[in-house]
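Reading the structure
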Amino acid sequence: MDAMTAATEGFQVPIIDISPYIRNGDPADRAVVAAKVDDAASSVGFMQIVGHEIPPAVIEEFTAVMDDFFALPLEVKKAYRTPPDINRGYAPPKSESLSLSLGVEQAGRMNDFFEAFNVGVEAREYPDLALPEDHYAANTWPAVDHFEAAVSAYFVEARRVAHTLTRIFADALDLPADFFEGFTDHSLDVLRMNNYALPPGEIDLDGELTGMGEHTDYGIVTVLWADQVKGLQVLDRQGRWQDISPEDGALLINLGDLMARWTNERWMSTLHRVKPPIVDGAIERRRSAAYFHDGNIDAMIATLPSCVGAGSRYSPITVGEHIGAKLAGSRAGRPNPYAQREAERVRHAMRRGLGQQ
């Protein structure tokens, strides 16, 4: 395999070394990185990054406590469940439907077969801003040894990587180096730990079940740690679902809807889903952890002047309005009225008979 790409059946997700930014390297080296990010964001919407310098020990301790939590009995985990409008705590299997975040109607029940645990930025981190407690809610920490410390340590590292990526984005889009700082200095960030919780062994799946329904991520950028187990699929430009998994030591990066809005779809928020990880008729465990860098709740997102061209595809919207509508779909089952463009891409794939590939 080419050292610079990971490919599945001809579909390539570029691998990009961001160490020139992490180490404040030579401007020429940073320019090469920014150009690669621009190309990946324009053509695929996904990339893999290495050179992020998250210590392996931090990842090992983080994934260990994540495993410890998900190994608890279901009734114990449910004690850490929060209301649908509070994006914290535990979400059991079949309590969400990610495709409803797009306004795509599915079955009359929540049907994404994964469980998750969310932590995020709290209002008390910014005592002078009077941030809304529902969006910047206090975290719920389970009674699992070292869980809070290990998860918090990874959260800090993922946040650092996300802010580094926005500096790269500014260079790639020919914006001032600090452009995104005014939109992210109290960013509404959430770390979601996922476990695909189908029982071990052979199982006949309900045809309507999926690991995680087709969706676009909501915010600016997502930093994803994931097992090297098949299941994650992205929709390519020909309307085909393509399998992807990270290379050794790499993090998967994808753009969210707010970046697509900013760039007028010069950069895409790529549709993706997770199919139940079945290998030779048996369920294989799959885990992931997505750090969603979503921006300040009060930030207004409008098309960048350099990207308007013949006209903007999107009306301005605040981060709070946008994220609120997305969560109302995925967690409370209310279709999203603001996601017509993304929803039509899903329907188009389904009309072509590709939605179940």
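Residues numbered from 1 in each chain as written. Predicted model: local features only at pLDDT ≥ 70, side-chain atom pairs only at ≥ 80, totals over all residues. Heavy atoms only, no water.

1. Some points on the pattern of salt bridges
Throughout the structure, instances matching the rule amount to 11 salt bridges. In this structure, D67 and R287 form a salt bridge, with 2.9 Å as the shortest nitrogen-oxygen distance. Pair noted here: D67 is in helix α3 (residues 56-70) and R287 is in strand β16 (residues 287-293), with a separation of 220 residues, a long-range link. Here D67 falls in the partly exposed class, since its relative accessible area comes to 23%. A salt bridge links R287 to D227, with the nearest nitrogen and oxygen atoms 2.8 Å apart. Within this pair, whereas R287 is found in strand β16, its partner D227 is found in the loop between β9 (221-226) and β10 (232-235), the two being separated by 60 residues in sequence. (Salt bridge = Lys/Arg side-chain N within 4 Å of Asp/Glu carboxyl O. Helix = DSSP H or I, 4+ residues; strand = E, 2+ residues; numbered from the N terminus. Buried < 20%, exposed > 50% of the residue type's maximum accessible area, 1.4 Å probe, protein only.)

2. Thoughts on the packing of helix α2 (residues 27-43) against helix α5 (residues 147-172)
One can describe the packing of α2 onto α5 by two numbers: an axis separation of 8 Å at closest approach and a directional angle of 85 degrees. On the basis of their axis angle, the class for α2 and α5 is roughly perpendicular. In this structure, α2 uses V33, A34, V37 and D38 to contact α5, whose residues at the interface are I168, F169, D171 and A172. When its residues are assigned to classes, the contact of α2 with α5 shows six nonpolar, no polar and two charged. (Axes fitted to C-alpha atoms, helices over the stretch in contact; angles between N-to-C directions. Parallel < 35°, antiparallel > 145°, perpendicular 65-115°, else oblique. Contact = heavy atoms within 4.5 Å. Nonpolar A, V, L, I, M, F, W, Y, C, P; charged D, E, K, R; others polar.)

3. Some points on the confidence of the model for the protein
Of all residues in the protein, 76% have pLDDT values of 70 or greater, and the mean over the chain is 82. Scored below 50 in pLDDT, residues 1-8 shows 19 contacts in the model against residues more than four places distant or in partner chains. (pLDDT = per-residue confidence, 0-100.)

4. Some points on the packing of aromatic side chains
Under the counting rule described, the total for this entry stands at 15 aromatic pairs. With 6.2 Å between their ring centres and 65 degrees between their planes, F69 and Y80 make a pair best called edge-to-face. Placement of F69 in helix α3 and of Y80 in the loop between α4 (74-78) and β4 (89-91) is noted, with a sequence separation of 11 residues between them. There is no split in this pair, since F69 and Y80 are both buried. (Phe/Tyr/Trp six-rings, centres within 6.5 Å; stacked < 30°, edge-to-face > 60°.)

5. Re the side chain of E115
Along the chain, E115 turns up in strand β5 (residues 115-120). When its relative accessible area of 3% is taken as the criterion, E115 is described as buried. A distance of 2.5 Å separates polar atoms of two side chains, one belonging to E115 and the other to Y90. (Polar contact = N/O pair within 3.5 Å; in protein donor to acceptor, adjacent residues only side chain to side chain.)

6. Here we look at the side chain of D236
Along the chain, D236 turns up in the loop between β10 and β11 (241-243). At 2.9 Å, the side chain of D236 forms a polar contact with the side chain of Q242. The contact partners of D236, leaving out residues within four places of it in the chain, are F11 and Q242.

7. Looking at the pairing of strand β12 (residues 251-255)
Most of β12 sits out of view: five of its five residues are buried. Side chains L251, I253 and L255 of β12 all project onto a buried face; the interleaved residues L252 and N254 project onto the opposite face, where all are buried too. Across four bridges, β9 lies against β12 in antiparallel orientation. Bridging from a neighbouring strand, V223 pairs with I253 of β12. (Pairing = 2+ DSSP bridges.)

8. Remarks on α3
In this model, α3 (15 residues) spans 21 Å end to end at C-alpha, consistent with the 21 Å of a helix rising 1.5 Å per residue. Within α3 the residues assigned to the buried category are V58, I59, F62, T63, V65, M66, F69 and F70. Looking down the long axis of α3, one finds its buried residues gathered within 165 degrees of arc, a one-sided arrangement. For α3, the exposed residues set more than 90 degrees away from the buried face come down to P56 and E60. (Expected span 1.5 Å × (residues − 1). Arc of directions from axis to C-beta.)

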